[in-house]
Amino acid sequence: MKQQRYDVVIVGGGAAGLSGALALGRARRSVLVIDAGEPRNAPASHIHNYLGRESTPPGELLAIGRGEAAGYGAEIVEGRVASAERLPESGEGEQGFRVVTEDGRSVEARRLLVTTGLVDELPPVPGLAERWGREVLHCPYCHGHEVADRPIGVLSTGPLAVHQALMWRQWSDDVTLFLHTGPEPTEEEYEQLAARGVAVVDGEVASLEVTDDRLTGVTLASGQVILREALVVQARFTARSAVLESLGLKPVAQEMGGVVIGSYIPTDPTGATEVPGVWAAGNVTRLTEQVIGAAAAGLMAGGAVNGDLITEDTRLAVAARRA
């Protein structure tokens, strides 16, 4: 860290954080990005639905983003932030925060933008985590085209499994719903699945079959192996909210169809949290956001942060003029 105090410290250097850094750098703000180097989409081979960057590898997109942000003066360092705290206001009423990393470094900022993302909590099936982002999937818009027309399985662990199976049926006519630990479908749901040609298999999935580093099937507790080339799961989306919680913010549950799918930190449309001077963007506050949406949210938050700083700069200038 080249200086002790910045206009803005951004915690998290993914699409949201780098987009915010780019906007703030272009606004001639001093910006520090502290990134732990754990992007959520690291297991994926490519990013999709990002206009102008379709099929770009995630690491390549981040490298481009770092270069663009640094080109406008943003400083980017590796590190994991342990906590943040509000500093007492200066005599002129200027806001400030102290950010502390796990290795004991500290830095001050006038404003904070937290873009720490989320953690995908996966069902506890042996071998499943190792295939995550490759053939174990959750979002059809992220990965559906890549497994189109292949044998797809859907692992039921909750009430949304039927919805998932019917969604993925759009990409393949060979979809099997494994009831696993999920609830029994209703009569109406069984009719919908049958009408769409989705097979339903009772029994828990015990493990995955992998041949030549490719998913080839799932093994039931009975020992039966059913050939599949992709397996869809419902991960629980848990916001990486520790830094925001250290400032007094609390994650809340997010529901979909009456089912809790994860936790997030609430913000207003610009990313402003309930703590003045603190913004959040990306998956830490919008669990279902894709990469292009996270980047847009980072831009929105960056603009809002700069606007807030302009207001404070003006107020301080007026006070100095009157003194």
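The preceding data block contains the structure.
What you are looking at is a predicted structure, and each value in this text was computed from that prediction instead of being measured.

With that settled, consider the sheet that holds strand β13 (residues 214-220). Read across the sheet, three strands follow the order β12-β13-β14 without closing on themselves; strand pairing throughout is antiparallel. Because the sheet does not close on itself, it has two edges, and the strands there are β12 (205-211) and β14 (225-227). Each neighbouring strand pair of the sheet contributes to a mean axis angle of 30 degrees, computed without reference to strand direction. With six bridges connecting them, β12 and β13 associate as antiparallel partners. By the bridge assignment, Val205 is partnered in β13 with Leu220.

Our focus in this paragraph is helix α2 (residues 58-71). In this model, α2 (14 residues) spans 20 Å end to end at C-alpha, consistent with the 20 Å of a helix rising 1.5 Å per residue. Taken residue by residue, α2 has Pro58, Leu61, Leu62, Gly65 and Ala69 as its buried positions. Across the axial projection of α2, the buried residues extend over an arc of 95 degrees, all falling on one side. In this structure, the buried residues of α2 make contact with α1 (15-26), β3 (75-78) and α7 (291-322). Just past α2, the residue Gly73 takes up positive phi, approximately 100 degrees.

Backbone-to-backbone hydrogen bonds pair the strands of a sheet. The strands run either parallel or antiparallel. In spatial order, the strands read β7-β16-β18-β17; together these four strands make up an open sheet with mixed pairing. Unpaired on one side and paired on the other, β7 (118-121) and β17 (252-256) mark the two borders of the sheet. Direction aside, neighbouring strands of the sheet carry axes that sit 30 degrees apart on average.

So, on to the environment of Arg40. For Arg40, the location among the structural elements is in the loop between β2 (31-35) and α2. Sequence-wise, Arg40 and Gly117 are 77 residues apart; in three dimensions their C-alpha atoms are separated by 7.2 Å. Not counting residues up to four positions away in its chain, the partners in contact with Arg40 are Leu118, Asp120, His138, Phe237, Asn283, Leu287 and Glu289. A distance of 3.2 Å separates polar atoms of two side chains, one belonging to Arg40 and the other to Asn283.

One way to put it is that α1 packs onto α7 with a least axis distance of 7 Å and a crossing angle of 35 degrees. Every pair of crossing elements has a handedness; the one defined by α1 and α7 is right-handed. Between α1 and α7, the residues in contact are Ala15, Ala16, Ser19, Gly20, Ala23 and Leu24 and Val291, Ala294, Ala295, Gly298, Leu299, Gly302, Val305 and Asn306, respectively. Broken down by class, the residue content of the contact of α1 with α7 amounts to nine nonpolar, five polar and no charged.

What counts and what doesn't
Residues numbered from 1 in each chain as written. Predicted model: local features only at pLDDT ≥ 70, side-chain atom pairs only at ≥ 80, totals over all residues. Heavy atoms only, no water. Pairing = 2+ DSSP bridges. Helix = DSSP H or I, 4+ residues; strand = E, 2+ residues; numbered from the N terminus. Axes fitted to C-alpha atoms, helices over the stretch in contact; angles between N-to-C directions. Expected span 1.5 Å × (residues − 1). Buried < 20%, exposed > 50% of the residue type's maximum accessible area, 1.4 Å probe, protein only. Arc of directions from axis to C-beta. Contact = heavy atoms within 4.5 Å. Polar contact = N/O pair within 3.5 Å; in protein donor to acceptor, adjacent residues only side chain to side chain. Left-handed = near helix turned anticlockwise from the far one by under 90°. Nonpolar A, V, L, I, M, F, W, Y, C, P; charged D, E, K, R; others polar.

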